[in-house]
Amino acid sequence: MSLPSIRQGEPSPFDAIRRVRADGSEYWSARELSQVCEYETWRNFAAAIDRAKLAIENSGDSLSSHVVEANKLVARPQGGSVALEDYELSRFAGYLVVMNGDPRKKAIAAAQSYFAIRTREAETAPAALSREDRL
């Protein structure tokens with residue numbers, strides 16, 4: 001995988017996996033994020049998720065506002081199904097997960113850049129409507 005472009009307005013594989021709920025809130029599937037970050041095993045990526053969950057809890061923020069269990073049933077070739085662990089991660093949780101990822105991975109460095117830049121863009125974007133526009 002080549003490193004994603006993080007320039008403003010250019011597409012990124014992290015944008016491609018971003019999901020938006022009916023209420024307008026955004027999230028990333030942890031399973032999809034692990035693939036884009038080039039993790040071969042879920043177990044290793046789950047360790048970064050666990051560290052991010054601790055950081056959220058220790059910051060005094062509500063874990064359920066940022067990490068939502070979203071287990072999926074997957075059919076097994078021999079019949080039946082198995083539940084696959086997954087999470088819906090807010091931008092904040094995604095940021096913390098990649099910050100706790102393996103820094104030797106170029107894809108993690110790209111993810112860290114993506115979340116840092118996109119978070120800054122979101123912070124500095126003008127509000128959709130100013131107070132005067134609403135009156």
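Preceding this section is the structure that the text describes.
Since we're looking at a predicted model, the values are computed, not measured.

(A) Layout of the packing of aromatic side chains. Per the stated rule, a full pass over the model turns up five aromatic pairs. On the numbers, 6.1 Å between centres and 45° between planes, the contact of Trp-42 with Phe-45 is tilted. Of this pair, Trp-42 and Phe-45 both sit in helix H3 (residues 42–58), three residues apart, which is roughly one turn of that helix. We classify Trp-42 as buried; its relative accessible area is 15%. Ring centres of Tyr-114 and Phe-115 lie 5.0 Å apart, and the angle between their planes is 90°; on these two criteria the pair is classed as edge-to-face.

(B) Representation of the pattern of salt bridges. By the definition in use, this model includes nine salt bridges. Ionic pairing is found between Arg-91 and Glu-26, a salt bridge with its closest N-O pair at 2.6 Å. Here Arg-91, found in helix H4 (residues 91–99), pairs with Glu-26, found in strand S2 (residues 26–29); they are 65 residues apart in sequence, far enough to count as distant. A cluster of three or more residues bridged by salt bridges with shared partners is formed by Asp-15, Arg-118 and Glu-121.

(C) How the structure looks around the nonpolar core. Counting 27 residues, the largest nonpolar core has Phe-14, Leu-33, Cys-37, Phe-45 and Leu-89 as the members making the most contacts within it. The biggest single contributor to this core is H3, with seven residues. Not counting chain neighbours up to four residues away, the residues in contact with Leu-89 comprise Glu-26, Tyr-27, Trp-28, Ala-30, Leu-33, His-66, Val-67, Gly-94 and Val-97.

(D) How the structure looks around the sheet that holds S2. Pairing is antiparallel across the open sheet formed by four strands, whose spatial order is S1-S2-S6-S3. On the outer flanks of this sheet lie strand S1 (18–20) and strand S3 (67–69), each paired with one strand and no other. Between one strand axis and the next, the sheet turns by 35° as a mean value, whatever way the strands run. Lying on the sheet, H4 is in contact with S2, S3 and strand S6 (87–89); it crosses S6 at an angle near 100°.

(E) Expanded view of the packing of H4 against helix H5 (residues 106–124). Their axes nearest at 9 Å, the elements H4 and H5 cross at an angle of 150°. Where H4 crosses over H5, the handedness of that crossing is left-handed. Facing H4, whose interface residues are Arg-91, Gly-94, Tyr-95, Val-98 and Met-99, H5 presents Ile-108, Ala-111, Gln-112, Phe-115, Ala-116, Arg-118 and Thr-119.

(F) Region of the structure containing a nonpolar patch on the surface. Where nonpolar side chains cluster on the molecular surface, the patch consists of Val-74, Val-82 and Leu-84 and spans about 190 Å² of accessible area. Inspection of the secondary structure puts Leu-84 in strand S5 (residues 81–84). What makes Leu-84 partly exposed here is its relative accessible area of 33%.

What counts, and at which threshold
- Residues numbered from 1 in each chain as written.
- Predicted model: local features only at pLDDT ≥ 70, side-chain atom pairs only at ≥ 80, totals over all residues.
- Heavy atoms only, no water.
- Phe/Tyr/Trp six-rings, centres within 6.5 Å; stacked < 30°, edge-to-face > 60°.
- Helix = DSSP H or I, 4+ residues; strand = E, 2+ residues; numbered from the N terminus.
- Buried < 20%, exposed > 50% of the residue type's maximum accessible area, 1.4 Å probe, protein only.
- Salt bridge = Lys/Arg side-chain N within 4 Å of Asp/Glu carboxyl O.
- Core = buried A, V, L, I, M, F, W, Y, C linked by side-chain atoms within 4.5 Å.
- Contact = heavy atoms within 4.5 Å.
- Pairing = 2+ DSSP bridges.
- Axes fitted to C-alpha atoms, helices over the stretch in contact; angles between N-to-C directions.
- Left-handed = near helix turned anticlockwise from the far one by under 90°.
- Patch = residues over 30% accessible without salt bridge, like charges linked within 9 Å, V, L, I, M, F, W, Y side chains within 5 Å.
- Areas by Shrake-Rupley, 256 points an atom, 1.4 Å probe, with all protein chains shown as cover.

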